[in-house]
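Close look at the chain arrangement
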Amino acid sequence: MTPFQAIQQTLAPELKRLNELILSALSSPNELMNRVIETYLENKGKQIRPILVLLSGKLLGRVSDVTMHGAAAVELLHNASLIHDDVVDDTLTRRDAPTINGLWDNHLAVLVGDFFLSNALLQSVGTGDIRIVESISRLGRLLSIGELDEIYNARYNSPGEEAYFEIIYRKTASLFISCVEIGAYAAGIEASDPRFEALREYARLLGLCFQIRDDIFDYFSDAKIGKPTGNDLREGKITLPLLHVLRDETLPGHERMALLAAKDSLESDEIDELIRFAVDNGGIEYAVDTMHRLAAQGTEALTTAFPEPSTARDAFIALLEHVIDRDR
């Protein structure tokens, strides 16, 4: 059993309740909608985001119906964003299965994504806590801005590490932060509690590590990931491994690589050149080292606020390790 599977086993009763709640929330009088959702939920992923909500509640002493509604809200919002992303990116497979737009069409996928989003908001309202509703609403705003920032930088701006980290904070880490906020609020914790801010910092660092690992995948070919090698570069997105090596103007071939990286569109052989340049000059090692540094900071933030070992605290630490070591 892997550490992540151990976490899932620890939360098995809560995850069962969560998936029953999500299935009930997504029930509709439309037969086509129900068929699409049934197919989609067959490959629901690892559910890391709602696990964060549940672990936060356990760490702070309480998992209630409010926690469950909050966990359902973030999972539904996350899936809404994935469905819409698949349309925008013309992604036809995810998690070894056809996407909604791959199996049906973009029109239907957008409508299903909107349905998920609406139900996410309803679940947040179901918590009866305006702070949770606000967290979910703010999250939706940040996710949209993060994606737009990425598009803007790809089209009009010279990339840099500072801009990269701001983008991945908004488009990825913000979701992880919202998860622990919701779990804490549902457990009766106020934002002024030092443990609240410690959990937010842990979640921010976890989210950054998660996105860096995702970006590293793009430099290697692996059909399991469901993301073709060089897809980010194909979309004009320059991520941490390449950003790092482009800073060193003394590297052989730097001038040509900088010119390629600035192009509006790239041919397949040009993408291959940029990938080799990043890999051969230590870009992957730099990104991995960055993940480990951020993970150490996240562990420190967590253990300082929660010095006593517990099943929930250890699960948070194991989750960090899983994120930086995962292979998909």
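Note on numbering: residues in each chain are counted from 1, in written sequence order. Whole-chain, interface and lining totals are the exception, using all residues; otherwise, since this is a predicted model, local features are given only for residues with pLDDT of at least 70 and side-chain atom pairs are given and counted only at 80 or more. Side-chain calculation: all heavy atoms of the structure are included, whereas hydrogens and water are not.

Some thoughts on the overall build of the protein chain
Labels follow the DSSP assignment, with helices taken as runs of H or I lasting at least four residues and strands as runs of E lasting at least two, numbered in each case from the N terminus. When you go through the protein chain residue by residue, the secondary structure sums to 16 helices and two strands. With the C-alpha coordinates aligned to their principal axes, the bounding extent of the protein chain is approximately 60 × 50 × 35 Å. Residues classed as buried in the protein chain amount to 50% of the 328 residues present. Only heavy atoms matter for contacts: two residues are in contact if any of them lie within 4.5 Å across the pair. Of the contacts made within the protein chain by residues no fewer than 6 positions apart, 75% connect residues no fewer than 24 positions apart. Only protein chains enter the area calculation, which uses a 1.4 Å probe; residues under 20% of their type maximum are buried, those over 50% are exposed, and those in between are partly exposed.

Structural notes on the packing of aromatic side chains
Note on aromatic pairs: the rings of Phe, Tyr and Trp (six-membered ring only in Trp) are paired at centre separations within 6.5 Å, and the planes decide the class, stacked below 30 degrees, edge-to-face beyond 60, tilted for the rest. All chains considered together, the criterion is met by five aromatic pairs. Plain terms: the ring middles of F176 and F210 are 5.4 Å apart, the flat faces sit at 50° to each other, and that makes the pair tilted. Placement of the pair is F176 in helix α9 (residues 161-186) and F210 in helix α10 (residues 194-217), with a sequence separation of 34 residues. Judged by centre distance (5.1 Å) and plane angle (40°), the ring pair of Y185 and F196 falls under tilted. Of the two residues, Y185 is situated in helix α9 and F196 in helix α10; the sequence distance between them amounts to eleven residues. By the burial criterion, Y185 is buried, and F196 matches it. A ring is considered to have a charge above it if a Lys NZ or an Arg CZ atom is located within 6 Å of its centre and within 35 degrees of its normal. The lysine or arginine in question, K46, covers the ring of F4, its NZ or CZ lying 5.7 Å from the ring centre. The ring of F210 is capped by R326, whose NZ or CZ atom sits 3.8 Å from the centre of that ring.

Description of helix α5 (residues 65-89)
Expected span, for any helix, means 1.5 Å times one less than how many residues it has. Its 25 residues give α5 an end-to-end C-alpha distance of 36 Å, which sits within 8% of 36 Å, the value for a rise of 1.5 Å per residue. The distance from a side-chain oxygen at the start of α5 to the backbone nitrogen of V66 is 3.3 Å, and the residue carrying that oxygen is S64. Two residues or fewer after α5 comes D90, characterised by a positive phi angle close to 55°. N or O atoms closer than or at 3.5 Å make up a polar contact, with two conditions inside protein: a donor-capable atom paired with an acceptor-capable one, and, for residues adjacent in sequence, both atoms drawn from side chains.

Focus on the environment of A80
Inspection of the secondary structure assignment puts A80 in helix α5. Looking at A80, the relative accessible area reads 3%, which means it is buried. Once the C-alpha coordinates of A80 and V112 are considered, the two residues, 32 residues apart in sequence, prove to be 7.8 Å apart. Setting aside residues no more than four positions away along its own chain, A80 makes contact with G113, F116 and L117.

A closer look at the nonpolar core
Looking at soluble globular proteins, one finds that nonpolar side chains tend to be buried together. In this structure, I7, L52, V112, F116, Y202, I212 and L242 are the most contacted members of the largest nonpolar core, which totals 101 residues. Considering each element in turn, this core owes the most residues, twelve residues, to α9. We define a nonpolar core as any set of buried Ala, Val, Leu, Ile, Met, Phe, Trp, Tyr and Cys residues linked to one another through side-chain atoms lying within 4.5 Å.

Brief notes about the packing of α5 against α9
Lines fitted to C-alpha atoms define the axes here, with helix axes fitted over just the stretch in contact, and angles between the N-to-C directions of these axes take values from 0 to 180 degrees. The interhelical angle for the contact between α5 and α9, taken along N-to-C directions, is 165°, at an axis separation of 8 Å. Relative to α9, α5 is oriented roughly antiparallel. Like other packed secondary-structure pairs, α5 and α9 cross with a definite hand, here right-handed. The segment α5 lies against α9, with V66, T67, G70, V74 and H78 engaging L175, S178, C179, I182 and A186. A per-class count over the contact of α5 with α9 returns six nonpolar, four polar and no charged. What sets the label is the angle itself: under 35 degrees gives roughly parallel, over 145 gives roughly antiparallel, 65 to 115 gives roughly perpendicular, and the rest give oblique. Helix crossings get a hand from a simple test, with the near helix turned counterclockwise from the far one by less than a right angle marking a left-handed crossing and a clockwise turn marking a right-handed one. Classes in brief: Ala, Val, Leu, Ile, Met, Phe, Trp, Tyr, Cys and Pro nonpolar; Asp, Glu, Lys and Arg charged; the others, Gly included, polar.

Treat this as a map of the structure, not an account of what it does.
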